[in-house]
Amino acid sequence: MAVRVALAGKGGTGKTTTAALLVRFLVESGRTPVLAVDADPNANLNELLGLEVETTLGEIKNELRTSVPESMARGDFMEMRVHEALVEAEGYDLLVMGQPEGPGCYCAAHSFLSQALQKLERSYAYMVVDNEAGMEHLSRLNMTEIDHLLVVSDASSRGVLTAARIAALVKPLQLQVSHKWLLVNRAPEEIPEALDKHVREVCAREDLKLLGYLPESERVFELEINQKPLWELSAEDPFLRKAYGLFEKLMATS
Ligand SMILES: Nc1ncnc2c1ncn2[C@@H]1O[C@H](COP(=O)(O)OP(=O)(O)OP(=O)(O)O)[C@@H](O)[C@H]1O
Ligand SMILES: [Mg+2]
C-alpha cells in the first residue's frame, strides 16, 4: 500500500496549497509514483498542479447506477473508468472526487469505488489526499488507515484550537491515524512567543506533533492571482525551501 498523507483544516487555511507543494516535493525527491486525490467537492488541486480534469469519480458513481454495459461486471466497469479518470503527469497522477452525489442510495457505488481505489493504490509509493475540512470522504471510501494526517491552521490562537478539533474528528470517523501533525500556515517571519507557547500547549494536549510554521509568501499570492501552478515557484524560493524542510521532517517519521 502507498504511504497515505491526508490534508485537513478549516476553509482557506492552505490545505490545497500544502497538498500541491507536497506532491511536488515527493516527485522532486524521487518518492514516486505519487497518487494525488482531490477529495474536496470544490476541487482545485488540479489548478495548483496545472492539470486539466475531464472525469470525476462522482460522475463515475452516477454512471455505475445508469450506464454499465450489460456484458460487464460493475466492479470491472468501475476499475476501467477509474483508470480512465486518472490524469497522468510526470511522476504522479491525479484523481478528482468531484461533487457529492444526489439523492438515492450509493452504497454499492461507494463499495465498488473503494475496492477500485484500493487496487489502484498498490501501484503508488505515496498518496496525498486533499480534503474538505471534515474528512468524510476518507471514511466513506473506507480509507480509514492514514499514515500522516496533516492539519493546516492559520496563525491565530483560535485557528489552532479549531485545527485541534478537526484532528479530533478522527475518532468519531473511526480513522486510524499513525501521526497527527499541525502545520501553522501564513505565520509571521518572527513567531510571537505567545503563539508558539499556545501552539505547543495545544499540540501536547491533543496528541498533535508540531510540523512547524510556514510564512506568508508573496510569490504564492502572485501565482494564485495569475492562475499559475505551484510548479512555477523557483527551486530556490525561500518559502518552497521552508516547506520542503518541513516535509522532510514528516517523511523522517514513520
Ligand atoms: N503561505 C501562503 N502565502 C500566501 N498565500 C497563501 C499561503 N497559503 C495559502 N495561500 C493562499 O490562501 C488561499 C487559500 O489557500 P488554499 O486554497 O490552499 O486553502 P484551502 O485550505 O485548500 O482552502 P479551501 O478550504 O477553500 O479548500 C489561496 O488563495 C492561496 O493561494
Ligand atoms: Mg482546498
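Shown above is the structure to which this text applies.
Quick notes on the site of ligand 1
Close to ligand 1 lie 17 residues; Gly-11, Gly-14, Lys-15, Thr-16 and Thr-17 are nearest. Elements with a contribution of two residues or more to the shell around ligand 1: helix H1 (15-28), strand S7 (176-187) and helix H9 (218-225). Within the shell around ligand 1, the residues separate by chemical class into three nonpolar, nine polar and five charged.

Some thoughts on unusual backbone geometry
The amide bond that connects Thr-32 to the next residue, Pro-33, takes the cis arrangement and shows omega of -5°. Within the fold, Pro-33 resides in the loop between H1 and strand S2 (34-39). Not every positive phi belongs to a glycine, and Gln-174 is a case in point at roughly 55°. Gln-174 sits in the exposed class, given 9 other C-beta atoms within 10 Å. Positive phi outside glycine occurs at Gln-227, with the angle close to 55°. Residue Gln-227 is classed as exposed on the basis of its C-beta count, with 9 C-beta atoms lying within 10 Å.

A word on the packing of helix H4 (residues 74-85) against helix H5 (residues 107-121)
Following both chains from N to C, one finds H4 and H5 inclined at 55°, their axes separated by 9 Å at the closest point. On the basis of the axis angle, H4 is oblique to H5. Handedness of the H4/H5 crossing: right-handed. Counted together, Arg-74, Gly-75, Met-78, Glu-79 and Val-82 of H4 and Phe-112, Leu-113, Gln-115, Ala-116, Leu-117, Lys-119 and Leu-120 of H5 form the full contact between these two elements. Partitioned by chemical class, the residues of the contact of H4 with H5 number seven nonpolar, two polar and three charged.

What counts and how
Residues numbered from 1 in each chain as written. Chains lettered and ligands numbered in written order. Predicted model: local features only at pLDDT ≥ 70, side-chain atom pairs only at ≥ 80, totals over all residues. Near = placed C-beta within 6 Å. Helix = DSSP H or I, 4+ residues; strand = E, 2+ residues; numbered from the N terminus. Nonpolar A, V, L, I, M, F, W, Y, C, P; charged D, E, K, R; others polar. Buried ≥ 20, exposed ≤ 12 C-beta atoms within 10 Å, placed from the backbone. Axes fitted to C-alpha atoms, helices over the stretch in contact; angles between N-to-C directions. Parallel < 35°, antiparallel > 145°, perpendicular 65-115°, else oblique. Left-handed = near helix turned anticlockwise from the far one by under 90°. Contact = placed C-beta atoms within 7 Å.

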